Amino acid sequence: MATRVSVQNRVRGSGVHDGFLRHNGFYWAKIAGVISLIALLVYIGIDVKPRPSGGSWYGYTLGTIGALLILWLTMLGVRKRAMTSGRWSLKSWTSAHVYLGLSLIVIATLHTGFQFGWNIHTLAYVLMMIVILSGLFGITVYSVLPRSLSNNRNETTEPQMLEGLRAVDRQLHEAAQPVAQHYAELVRSSLEQDPFGGGLWSRLSGRYPRCATRLAKAEIRRETVHMPKLGDEPLERIDALLEKKEAMLARVRRHLRIRALLEIWLYIHVPMTFALIAALTAHIVSVFFYW
């Protein structure tokens, strides 16, 4: 049984997220490598006067290939809406998206002729590099974090974790009924705390310096640490419940942190792609306007 679970975990950890990278024996990696190598060899072999640039026949050729490639790469978002198999399955399309996207580093850089400045042409190049780098970050996190997400849940689902938290809250509410007002207020602050609160930085860093549960537990722990362990003292029960809740909150927050890391790169990748399309359009229009 343990062996079967281990195999299933390995499949979950590598099959889905590494699958598109290794798809069909790195078919699209080889295609992208050949395209990049041809572009580089032609660049080295030709003699463009006065110097290589985007305005030479070679520059126009690479620019046209690069622009068409960028437009095709943006279609992945549309393609995701249709799940099909075969030669152009979503896995194959994603693999092509990754490796042909990487080939743009060579194609676009050679297209520029290594001439950069404060203009719309360089802006389009910089935006393209940001899109590529954010995509590389996305591939990295999707290769590593899903397993961490699964391990943190410990075979429970997100709704089950939240239901467990609510169950502890109900026990805390009941345990706080007979205690003094000061301690009841500490428990209430924990009950009213939003486990999802704290903002984006807290979700990404996992740091919640104003955690009401931790503060309440520390305050009550100062009272209970010197008390004899009777086992039926309300404050002792509240102390134990707050400790349990703090551990569950830590798991929920790790879950939120991993999910945030899985998603945040898209908040850069997608808007920068639209910005790239706009800058690319301006770049092409300006080139033909001054031709």
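Predicted model, so just to flag it, every value in this text is computed and none were measured.

## Description of the environment of Asn-152
Turning to its location among the elements, Asn-152 is positioned in helix α5 (residues 120–153). Classification of Asn-152 as buried rests on a relative accessible area of 9%. Separated by 100 residues in the primary sequence, Asn-152 and Val-252 place their C-alpha atoms 8.6 Å from one another. Excluding residues within four positions of it along the chain, Asn-152 makes contact with Arg-251, Arg-254 and His-255.

## Here's the deal with the UniProt feature "transmembrane region" (unreviewed entry) in the protein chain
In the numbering used here, UniProt assigns the feature "transmembrane region" (unreviewed entry) to residues 27–46, 58–78, 98–118, 124–145 and 264–290. As annotated, residues 98–118 comprises 71% helix and 0% strand, and the C-alpha atoms at either end are separated by 29 Å. The straight-line gap between the two end C-alpha atoms of residues 124–145 is 31 Å; of that span, 100% is helix and 0% is strand.

## Section: the side chain of Ser-202
In this structure, Ser-202 sits in helix α8 (residues 199–205). A polar contact is formed between the side chain of Ser-202 and the backbone oxygen of Arg-207, at a distance of 3.1 Å. Those residues in contact with Ser-202 that sit more than four places away from it in its chain are Arg-207 and Tyr-208.

## Looking at the packing of aromatic side chains
Evaluation of the coordinates by the stated rule reveals seven aromatic pairs. Seen in terms of ring centroids, Tyr-43 and Phe-114 are 6.1 Å apart; in terms of plane orientation they differ by 70°. Their pairing is edge-to-face. In this pair, Tyr-43 is assigned in helix α1 (residues 2–45) and Phe-114 in the loop between α4 (90–112) and α5, connecting sequence segments 71 residues apart. Its relative accessible area of 46% is what places Phe-114 among the partly exposed residues. A centroid spacing of 5.8 Å and a plane angle of 75° characterise the contact between Trp-57 and Tyr-58, whose relative ring orientation is edge-to-face. Since its relative accessible area comes to 54%, Trp-57 is described here as exposed. The rings of Tyr-43, Trp-57, Tyr-58 and Phe-114 are connected pair by pair, giving a single aromatic cluster. The side chain of Arg-253 reaches across the aromatic face of Tyr-208, ending 4.0 Å from its centre.

Thresholds applied
- Residues numbered from 1 in each chain as written.
- Predicted model: local features only at pLDDT ≥ 70, side-chain atom pairs only at ≥ 80, totals over all residues.
- Heavy atoms only, no water.
- Helix = DSSP H or I, 4+ residues; strand = E, 2+ residues; numbered from the N terminus.
- Buried < 20%, exposed > 50% of the residue type's maximum accessible area, 1.4 Å probe, protein only.
- Contact = heavy atoms within 4.5 Å.
- UniProt positions renumbered as here; feature names shortened; annotations may be inferred.
- Polar contact = N/O pair within 3.5 Å; in protein donor to acceptor, adjacent residues only side chain to side chain.
- Phe/Tyr/Trp six-rings, centres within 6.5 Å; stacked < 30°, edge-to-face > 60°.
- Lys NZ or Arg CZ within 6 Å of the ring centre and 35° of its normal.

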